[in-house]
Structure formats: structure tokens, C-alpha cells
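Letter by letter, the chains look like this.
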Amino acid sequence: MKIDCTIDGKTLTLSLNSDKPLSLILRENMGEDSALNHCSGRMCGLCTVLVDGKAMLACMVPAFEIRGRNVTTFASFRKTRNMKDIEKAYESVGRYPCSECFPSRSLIFESLIDEGITDPEEILKEFTIVKCPCMDPDDAVNIVRRGIEIRRKRNVRRPQLT
Amino acid sequence: MYEGLSSPNIHTPSNLSEYASTILHYPSSTLWAGGTFIMTRPEAYPSRTMNAEIIYLGNIEELHRFQRNDRSAEFGAMVTLDGILSTGKAVLPRVLIDNIQTIGSRLITRRATVGGTISTKDFTTSFPGTLITLDASAEVRFIRKRRLHSRWMPITRLLDKAGRIAIPQQGMISRVRIAFTDKNCQYFDEVGSFMLDPENSVAAAFTATLDQDILINPKIAFTYPTHGVCYSRDIDSIFSSLRFPLDDAEFSTLEQMIFTFVESSFQDISPLQRTRTSGIIRKIVDDLNEKALTISPESR
Ligand SMILES: Cc1cc2nc3c(=O)[nH]c(=O)nc-3n(C[C@H](O)[C@H](O)[C@H](O)COP(=O)(O)OP(=O)(O)OC[C@H]3O[C@@H](n4cnc5c(N)ncnc54)[C@H](O)[C@@H]3O)c2cc1C
Ligand code: FES
């Protein structure tokens, strides 16, 4: 099946099995092996990507569903201003995710910061999908809250500069 | 890897009549909703079946609709669990909200759909049990004499003798209707991981109105993911006949009766499931005891 989509800013036409999981597409067809997991149903939560800006588990998105959509992996997200905000939030709270879950957690932080979610219960619920125990729940909540402040400040500053 | 081995054909009907003609042409198609269950089966990819046909339900506009009146809410089968929470959190029964919230992350609830939760094959999610305690019903679409028919059925009627949801062949759930309830006792619990350790997990949903020391219209359903739903009017009647608070002897008798029924339906639940079921019954009864004791003496 021919699939037209945009992955990390590149417009592509891929020839794929229609039900191939996005996690395997990124790993096998895009050479994204360092960041993406494919745990075959073990629910590791380590395959998060942004599809049209929303965090999703790539192993649950079949090829036919990425037709015409915009996929952002951590490999390109890490170079964005939004990631800088998240790094500042990590630094400010003094906690970083471990190297294994860093990409997934950072993309989930991004979607929470983007939506402005501050309710601790909702934040923790979102992270139940990441099984890695490296981060304290309170730290995750503080990182989101700090990230929202940092993002807000940056968005306020930007119009003044232009 | 596996490219071209067996790439299923994807059909994307945009309304129910297109769906009907697709299913008539390809009667053994797999229906695809949010894909959260299909994609997490270890054997999901590559597809073992050659020339597989998939009907993706996501483009059928009718299946995304949500309607409500003052008595009930009706959800199209493709409404996501997150969609249910955002449209109906304030009005929907607590037991359903609690059930959705046990799934946790919106990375899942934004994709998993009402129809998909009911229709998983060889595996029962905790939702049918909860819907049974709410007297919910589902609209089933099925092909007869080459035409698409529809019928509303209580969820209990979708259970086969083994406690599994059995949707008629070539059938599809198109809507689910959930009545609003003012029952003052609603309880949902899921113990163990349904997805990672289904052989040892159990869920229970319970709804009733506690009026002074008796229960009116109690309903209780236990779900064992690899077995099915254990629901019986007989257990409901036992609850109706009790007067709360229960003492230890009464509790033991109740527990024994429930296990007799559970084990006659599912002979091989695991020891851990047994212990967990017992723990859930204890919690429900403790909660009912506490409520019965806190009712003001004047209203007794
Ligand atoms: C990380 C994770 C955690 C989970 N935790 C829990 C949990 O705690 N408790 C629990 O009970 N479940 C849990 N689940 C399971 C979850 O409930 C199911 O994956 C989900 O409900 C399936 O919905 P879906 O829309 O994605 O269905 P799909 O995966 O698309 O389909 C599931 C099945 O239903 C069929 N189908 C889909 N829609 C229809 C329809 N309208 N009519 C007829 N057949 C249809 C499909 O053919 C398929 O066989 C979890 C899943 C994940 C991934
Ligand atoms: S690869 Fe493990 S949840 Fe997606």
C-alpha cells in the first residue's frame, strides 16, 4: 500500500504493509532505531510520538492511519524550542528522566504542557503508560507546571520582540 | 521486513450504507476501531491471514455521534473513552467514569472506543460488566437477507452461555445507550493488570440503592478477562435479601454463595483471582456496612 505522510518534516510516499505499526515503520523504514521501541504488547510506553501534535503510542498506530498526517519523533522534536522549554523545566526542578524513557516522557510532557494541564491527578494518569520507575510522581507534576510557566513566559516575550 | 507478504486491504466506508455493501462483499472482514486491542496482540503483525480485509470504522460519521436526553445518553460506537469523559463526566454514572479512569493514560483513552471495549474477541474487558450493572443496551447491526438490519439489545443478551460477549456473525455494534441513574451505591474496582496479567486479574462493578438497611435493584458483575463476565440475577437477588450491616457470619455466607456461582461458571479461575475477588467483595460489603451505619437513626 502506498502511504503519503509527513515524518519529521519530510513529505514521503512509503510502500508499506497497510497494518504495519508506526513504531516498526520508524525503526525499519526510517532508521529511527535508537529512539523507538516495539514491545509487541508488553505495554512499555516507550514508543511515544506526536501525530498531528498529539502524543500517541506508535506501536498502536497502523500505517493506514498515518495517511496524510504529520508524525514527529523525538529525533526531530529534540531540536525544537518546545524541547528547550522542557529541558529548562527539568533543570529547574532538578530531575531528568533516565535515558531509556527520556524521549517518551519528554513527548508526553510536551503534550501536557501544550494543553496546559496542571491537575496532578491528570498528569500522573498520563504517565501510567510509562512503566519505567525512574521519576518521582511529584517531580513529574512539578516539571509540567514549571514547563507551562516557561512556555507562557516565552509566548508573552515573543510578540514584544517582533 | 514482511513488506508485501500479506498487506490487508483497508476499506474505509464513510456511512452505514457503504459499510453494508463492504461487509456484504467481504463478509469475513476484521472490524477496526481504535486498534488499541488489535495492535497489542503479540501476533498482530505481520498478519497471518493472506488477503485479509479490514474495515476501518473511523470514517463512519454516524458512529461518532453523541446524543442525550434527560434519561439516558447514547454514544456512537466510535466515540472514544476520552470522548465519553469529556462529554458526560458530570452526568454519567460514577461506576462508568471510574471504569474508564482505571485505563489511565489518555494515550489509550483517546483511541479506545465504546464499540471496541465491548467487542474484543477471546478477551473480555471490564466494560461489559459495568454496562450490565447500568442496564445499558447496544444497537447491533447485522446482515440478514443481504440487508443491514439493526436491533437494540441489553448487554446481558449479548453474553453467551460461557459469559463471553457474542456479537452475531458479520455484526457490528453501532450505538450504546446508558441510562442515567440515581443509585446511591456505585462501586468499580479492577485488581491486577488486565492487559499484562489477564489470568490473575479481576474487575467488579456494583450498583444499588441503599434504602435504610436494604438494597433496592442491586446488580453486580465480575469480569475475568480470559474467561468472561460472571453475572447472575440470582446473586442480585441474594443482595436484595440482605439487611445491612452484615456481621462476619453473614458475610462468609454471602461470599460462599458468590463463589459457588463464580466457580460453576468458570471452573479454573486462578487462586490469585479468587483471593482478589474475595477482597473486592469485602470492600463492597464494608462500604455498604459503613453507609448503612451512617444513615441517621431517625430515618431508620
Ligand atoms: C495500555 C492499555 C491498558 C489497558 N487497560 C485496560 C484495563 O485496565 N481494563 C480493561 O478492561 N481493558 C484495558 N485495556 C483494553 C482496552 O479496553 C481495549 O484495548 C479497548 O477497549 C479496545 O478498543 P478499540 O476501540 O481500540 O478496539 P479495537 O482494538 O479496534 O478492536 C477490538 C475488537 O473489537 C472489534 N470491534 C471494534 N469495534 C467494533 C464494533 N463497533 N462492532 C463490533 N466489533 C468491533 C474488533 O474487530 C476487535 O476484535 C487496555 C488497553 C491498553 C492498550
Ligand atoms: S512499544 Fe511498548 S507500548 Fe509501544
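Keep in mind it's a predicted model, so treat the numbers as computed, not measured.

(A) Structural detail: the overall build of chain B. If you tally the helices and strands in chain B, you get ten helices and twelve strands. At 21 Å, chain B has a C-alpha radius of gyration in line with the 19 Å of a compact globule built from 300 residues. Seen through its principal axes, chain B has C-alpha atoms that stretch 70 × 45 × 40 Å. Contacts in chain B between residues far apart in sequence, at least 24 positions, make up 66% of those at least 6 positions apart. Split by element, the accessible area of chain B, about 13,800 Å² in all, is 49% carbon and sulfur. Averaged over its 32 positive side-chain charges, chain B has a centre that lies 8 Å from the centre of its 33 negative ones.

(B) Geometry of the interface of chain B and chain A. Each partner contributes to the interface: chain B provides 31 residues, whereas chain A provides 36 residues. Both faces considered, chain B and chain A share a buried interface measuring about 2,900 Å² in area, 58% of it formed by carbon and sulfur atoms. Across the contact surface, chain B and chain A share four salt bridges. The interface formed by chain B and chain A holds eleven residue pairs in polar contact (both at pLDDT 80 or more) in total. Mapped by element, the contributors of at least two residues to the side of chain B that touches chain A are β3 (53–56) and α4 (106–109) of chain B. Ranked by the residues each element gives to the side of chain B that touches chain A, the list is headed by α4(B), at three residues.

(C) Here's a closer look at the sheet that holds strand β6 (residues 137–144) of chain B. Residue and element names in this part refer to chain B. Strand order across the open sheet formed by five strands is β4-β5-β8-β6-β7, with antiparallel pairing between neighbours. The open sheet is flanked by β4 (66–68) and β7 (147–154), the only strands paired with a single partner. When the angles between neighbouring strand axes are averaged without regard to direction, this sheet yields 20°.

(D) Looking closely at the environment of B:R151. Residues and elements named next belong to chain B. Residue position: R151 is located in strand β7. Here R151 falls in the partly exposed class, since its relative accessible area comes to 37%. Remark: the alpha-carbon pair of R151 and L293, spanning 142 residues in sequence, is separated by 44 Å. When near neighbours in sequence (up to four residues on either side) are disregarded, R151 contacts A138, E139, V140, F142 and R144.

(E) Quick peek at the sheet that holds strand β2 (residues 30–32) of chain B. Residue and element names in this part refer to chain B. An order of β1-β3-β2 is seen for the three strands of this open sheet, with the pairing classed as parallel. Two strands bound the open sheet, and with one partner strand each, they are β1 (9–11) and β2. The average undirected angle you get between the axes of adjacent strands in this sheet is 30°. Docked against the sheet, helix α1 (residues 16–25) engages β1, β2 and β3, running at close to 170° with respect to β3.

(F) Quick look at a positive patch on the surface. Residue and element names in this part refer to chain A. Together, R81, K84, K88, K153 and R157 give the surface a local cluster of positive charge. Mapped by element, the contributors of at least two residues to the positive patch are α3 (81–93) and α6 (137–161). With three residues, the top contributor of residues to the positive patch is α3. By the secondary structure assignment, R157 is in helix α6. Take R157: its relative accessible area is 46%, and that puts it in the partly exposed class.

What counts and what doesn't
Residues numbered from 1 in each chain as written. Chains lettered and ligands numbered in written order. Predicted model: local features only at pLDDT ≥ 70, side-chain atom pairs only at ≥ 80, totals over all residues. Heavy atoms only, no water. Helix = DSSP H or I, 4+ residues; strand = E, 2+ residues; numbered from the N terminus. Rg over C-alpha atoms; globule rule 2.2 N^0.38 Å. Contact = heavy atoms within 4.5 Å. Areas by Shrake-Rupley, 256 points an atom, 1.4 Å probe, with all protein chains shown as cover. Lys, Arg positive; Asp, Glu negative; His and termini not counted. Charge placed at Lys NZ, Arg CZ, Asp CG, Glu CD. Buried area = accessible area lost by both parts, 1.4 Å probe. Salt bridge = Lys/Arg side-chain N within 4 Å of Asp/Glu carboxyl O. Polar contact = N/O pair within 3.5 Å; in protein donor to acceptor, adjacent residues only side chain to side chain. Pairing = 2+ DSSP bridges. Axes fitted to C-alpha atoms, helices over the stretch in contact; angles between N-to-C directions. Buried < 20%, exposed > 50% of the residue type's maximum accessible area, 1.4 Å probe, protein only. Patch = residues over 30% accessible without salt bridge, like charges linked within 9 Å, V, L, I, M, F, W, Y side chains within 5 Å.

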